[in-house]
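What the coordinates show
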Amino acid sequence: MISGVLALSVLLQSSAALPVAITGHVSTIDGVPAVATRVAVIAAPKGEASQSLNYFELAAPVDRTLTDNEGNYRIKGIPPGRYFVLAGAMPNGSYYPGASNVKDAEVLDIEPGAEITVDIPLQQRLGGKVSGRINANMAQLGPRSATLTGPPLEDLLEVPVNPDG
């Protein structure tokens, strides 16, 4: 009997810690896939977010990724909880479900083990384009990423470096 209770207790504890996966698609204001666009999962404040806006700053992202060539993304391993999902640069990107500011964003209450789909249409045009070349033997270095920073240092964008540099 004790081993049955212990097994049930362990099962309940492990299900509460099951990570969450968030997948989705990001499209530009013109309706085409948003390629290499940052998507971030940001912890939402407790209580009603719209009532708390004067009392909190957006937290650092729990996790982030870039969209692929079709505008799709997948973020896994997120702890269950309450989140905003943002596409684009913090804090001025587009929030799920298509809001241009956090006040109009939807807070997602995500249960343990859930896998949800969050599609986001961008509310403003994407910024500029940066290109360059790394003059190194990428085969010897292995997979690398380049980091671009904006005026606020917390606004980082990491992009993979192609094998040809």
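Procedures and definitions
Residues numbered from 1 in each chain as written. Predicted model: local features only at pLDDT ≥ 70, side-chain atom pairs only at ≥ 80, totals over all residues. Heavy atoms only, no water. Helix = DSSP H or I, 4+ residues; strand = E, 2+ residues; numbered from the N terminus. Buried < 20%, exposed > 50% of the residue type's maximum accessible area, 1.4 Å probe, protein only. Contact = heavy atoms within 4.5 Å. Areas by Shrake-Rupley, 256 points an atom, 1.4 Å probe, with all protein chains shown as cover. Core = buried A, V, L, I, M, F, W, Y, C linked by side-chain atoms within 4.5 Å. Pairing = 2+ DSSP bridges. Salt bridge = Lys/Arg side-chain N within 4 Å of Asp/Glu carboxyl O. pLDDT = per-residue confidence, 0-100. Phe/Tyr/Trp six-rings, centres within 6.5 Å; stacked < 30°, edge-to-face > 60°.

Once that is clear, we can look at the overall build of the protein. Within the protein, the regular secondary structure consists of three helices and 11 strands. Going from N to C terminus, the protein has its helices and strands arranged as α-β-β-α-β-β-β-β-β-β-β-α-β-β. Among the 165 residues that make up the protein, the fraction classed as buried is 30%. Expressed as a percentage of contacts within the protein between residues at least 6 apart in sequence, the contacts between residues at least 24 apart total 67%. Counting only carbon and sulfur atoms, one obtains 54% of the accessible surface of the protein, whose full area is about 10400 Å².

Here the focus is the nonpolar core. Within the largest apolar cluster, 18 residues are counted, with the highest numbers of intra-cluster contacts made by Ile22, Val26, Val39, Tyr73, Val85 and Val118. For this core, the elements supplying multiple residues, two or more each, are β1 (20-27), β2 (38-43), β4 (72-78), β5 (81-87) and β7 (108-110). For Val39, the residues in contact, after removing those within four places along its chain, are Val26, Asp63, Arg64, Thr65, Thr67, Tyr73, Ile75, Val85, Leu86 and Ala87. Counting 11 residues, the second largest nonpolar core, distinct from the first, contains Phe84, Met90, Tyr95 and Ala105.

Turning to the pairing of β2, a few remarks are in order. The buried count for β2 comes to five of six residues, which makes it a mostly enclosed element. Note: β2 against strand β3 (residues 63-66), four bridges, orientation antiparallel. Across the sheet, the residue bridging to Val41 is Asp63, located in β3. Of the strand pairs in this sheet, β2 and β5 are connected by five bridges, and their pairing is antiparallel.

It is worth spelling out the pattern of salt bridges at this point. The final tally for this structure, using the stated rule, is three salt bridges. We note a salt bridge from Arg125 to Asp30, for which the minimum N-O separation is 2.8 Å. Residue Arg125 is found in the loop between β9 (120-121) and α3 (138-141), and its partner Asp30 is found in the loop between β1 and β2; the two are separated by 95 residues along the sequence. With relative accessibility at 58%, the residue Arg125 sits in the exposed group. Given the relative accessible area of 55%, Asp30 is considered exposed. Here Arg74 and Glu115 are joined by a salt bridge, their closest N and O atoms 2.9 Å apart.

Turning our eyes to something else, we now look at the confidence of the model for the protein. Overall, the predicted model of the protein reaches an average pLDDT of 81, with 78% of residues at or above 70. Across residues 1-15, confidence stays below pLDDT 50; counting only partners more than four residues off in sequence or on other chains, it has one contact.

Our focus in this paragraph is the packing of aromatic side chains. Inspection of every chain in the model, using the stated rule, returns one aromatic pair. A ring pair is formed by Phe84 and Tyr95, whose centres lie 6.3 Å apart and whose planes are at 75°; its orientation type is edge-to-face. Of this pair, Phe84 sits in strand β5 while Tyr95 sits in strand β6 (residues 94-95), placing them 11 residues apart in sequence. As far as the burial class goes, Phe84 and Tyr95 line up, both buried.

Note on backbone geometry: most residues besides glycine have negative phi, and most peptide bonds are trans. The omega torsion across Tyr96 and Pro97 is 15°, close enough to zero to call that bond cis. Residue placement: Pro97 occurs in the loop between β6 and β7. Backbone geometry at Ala36 places phi at a positive 55°, although glycine is not the residue there. With respect to the helices, strands and loops of the structure, Ala36 is situated in the loop between β1 and β2.

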